[in-house]
Amino acid sequence: MNRTIKVARMQLINKATFIGIPLMILVSAFLFTLAIWWLVRRNGGDGVLYGGGAQAPMWYFLALGIQALTMTFPFSLGMSISRRTFYVGTVALFSACALALSVFYYLMGLIETATGGWGMDGRFFAMQWIADNSWFIQIMFYFVLMVLLFMIGFLIATIYMRWRQAGMVVFFTALGLLTLGVIAIFTFTEFWGQFWDWALTWTAAGVTLWGGAAAVLLATGSYVTLRKATA
């Protein structure tokens, strides 16, 4: 446990990476959205205003998953930290950050609702599809999405650290062929209509459940790959 905490502290040497940059992205997106909403209202726009900028920090976590490994893993091996300890400490730190940000999203959603969408009937944090659920589902929805994106980036980084450029070429080629194959099957079987009908039935709770399962699968794959990775 002591070594795991040390790994977390090592990752936090540059606090901007885990804390400062996500907050900067979120604040910037929020202020820009408010400015756009104000301009819309000034020009007579009516109806509910929506802004998708709240998801901006989440996409940063995909890059963060890559950075968290490539920037500190070689140093940790030099400090005789085991791969298991590095993995547990890094994922635990990110999970704590993701949970804190998820709670922040929920609380900001409450303020947004209480202020009538910041006085402009806007929806930035409290998207109806998510906000109509219980507090637990809302927090877990954001948490699972952040962890999922982080684990995608982390898995890509572990593949690189294990197999280098050759691994990247094989991985992205296989991913492209798989995507192309699914698109071809859906197109030739005229399955797109059924797929979108099914997708429209998804709920926030369902996305959270399946997203969590995918995150666990990616976490397992990244750990297995990291065990053989070198600096």
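This text goes with the structure placed above it.
Residues numbered from 1 in each chain as written. Predicted model: local features only at pLDDT ≥ 70, side-chain atom pairs only at ≥ 80, totals over all residues. Heavy atoms only, no water.

**Section: the overall build of the protein**
Consideration 1: Tallying secondary structure elements over the protein gives 10 helices and two strands in all.
Consideration 2: Mapped from its N terminus to its C terminus, the protein presents α and β elements in the order α-α-β-α-α-α-α-β-α-α-α-α.
Consideration 3: Its C-alpha atoms give the protein principal-axis dimensions of roughly 60 × 50 × 30 Å.
Consideration 4: Counting every position in the protein, which comprises 231 residues, the buried fraction comes to 38%.
Consideration 5: Partitioning the contacts of the protein with sequence separation of at least 6, the portion at a separation of at least 24 is 79%.
Consideration 6: Charge centroids of the protein, computed over 13 positive and 6 negative side chains, lie 35 Å from each other. (Helix = DSSP H or I, 4+ residues; strand = E, 2+ residues; numbered from the N terminus. Buried < 20%, exposed > 50% of the residue type's maximum accessible area, 1.4 Å probe, protein only. Contact = heavy atoms within 4.5 Å. Lys, Arg positive; Asp, Glu negative; His and termini not counted. Charge placed at Lys NZ, Arg CZ, Asp CG, Glu CD.)

**Focus on helix H10 (residues 204-226)**
Consideration 1: For H10, which comprises 23 residues, the first-to-last C-alpha distance of 32 Å matches the rise-based estimate of 33 Å (1.5 Å per residue) to within 8%.
Consideration 2: Taken together, the buried positions of H10 are Ala 204, Thr 208, Gly 211, Ala 215, Ala 219, Ser 222, Thr 225 and Leu 226.
Consideration 3: Against the buried residues of H10 lie helix H3 (56-70), helix H4 (73-78), helix H5 (83-114), helix H7 (128-131) and helix H8 (135-188). (Expected span 1.5 Å × (residues − 1).)

**Examining the nonpolar core**
Consideration 1: Of all hydrophobic cores here, the largest spans 50 residues; its most connected members are Leu 69, Phe 86, Phe 94, Tyr 105, Phe 124, Met 146 and Met 151.
Consideration 2: Listing elements by their share of this core, those giving two or more residues are helix H1 (2-11), helix H2 (15-42), H3, H5, H8 and H10.
Consideration 3: Per element, the largest residue contribution to this core is 13 residues, and it comes from H8.
Consideration 4: Aside from chain neighbours lying at most four places away, what touches Met 146 is Met 58, Phe 61, Phe 94, Ala 98, Leu 101, Ser 102 and Tyr 105. (Core = buried A, V, L, I, M, F, W, Y, C linked by side-chain atoms within 4.5 Å.)

**With respect to H2**
Consideration 1: With 28 residues, H2 should cover 40 Å at 1.5 Å per step; its first-to-last C-alpha distance of 39 Å lies within 8% of that length.
Consideration 2: Along its length, H2 shows its largest kink, about 25 degrees, at Ile 21, and proline Pro 22 lies within four residues downstream of that point.
Consideration 3: Listed in full, the buried residues belonging to H2 are Thr 17, Phe 18, Pro 22, Leu 26, Ala 29, Phe 30, Thr 33, Leu 34 and Trp 37.
Consideration 4: Buried residues along H2 sit in contact with H1, strand S1 (49-50), H3, H5, helix H6 (117-121) and strand S2 (122-123).
Consideration 5: Directly after H2, the chain includes Gly 44, whose backbone phi takes a positive value near 85 degrees. (Bend = angle between axes of the 7 residues up to and from the residue.)

**Examining unusual backbone geometry**
Comment: phi is negative for the bulk of residues other than glycine, and the bulk of peptide bonds are trans.
Consideration 1: Here the phi dihedral of Arg 164 falls at roughly 55 degrees; this positive angle occurs in a residue that is not glycine.
Consideration 2: For Arg 164, the position within the fold is in helix H8.
Consideration 3: At Glu 190, a position not held by glycine, the phi torsion is positive, near 55 degrees.
Consideration 4: Inspection of the secondary structure puts Glu 190 in the loop between H8 and helix H9 (192-199).
Consideration 5: Residue Glu 190 is classed as exposed on the basis of its relative accessible area, which comes to 66%.

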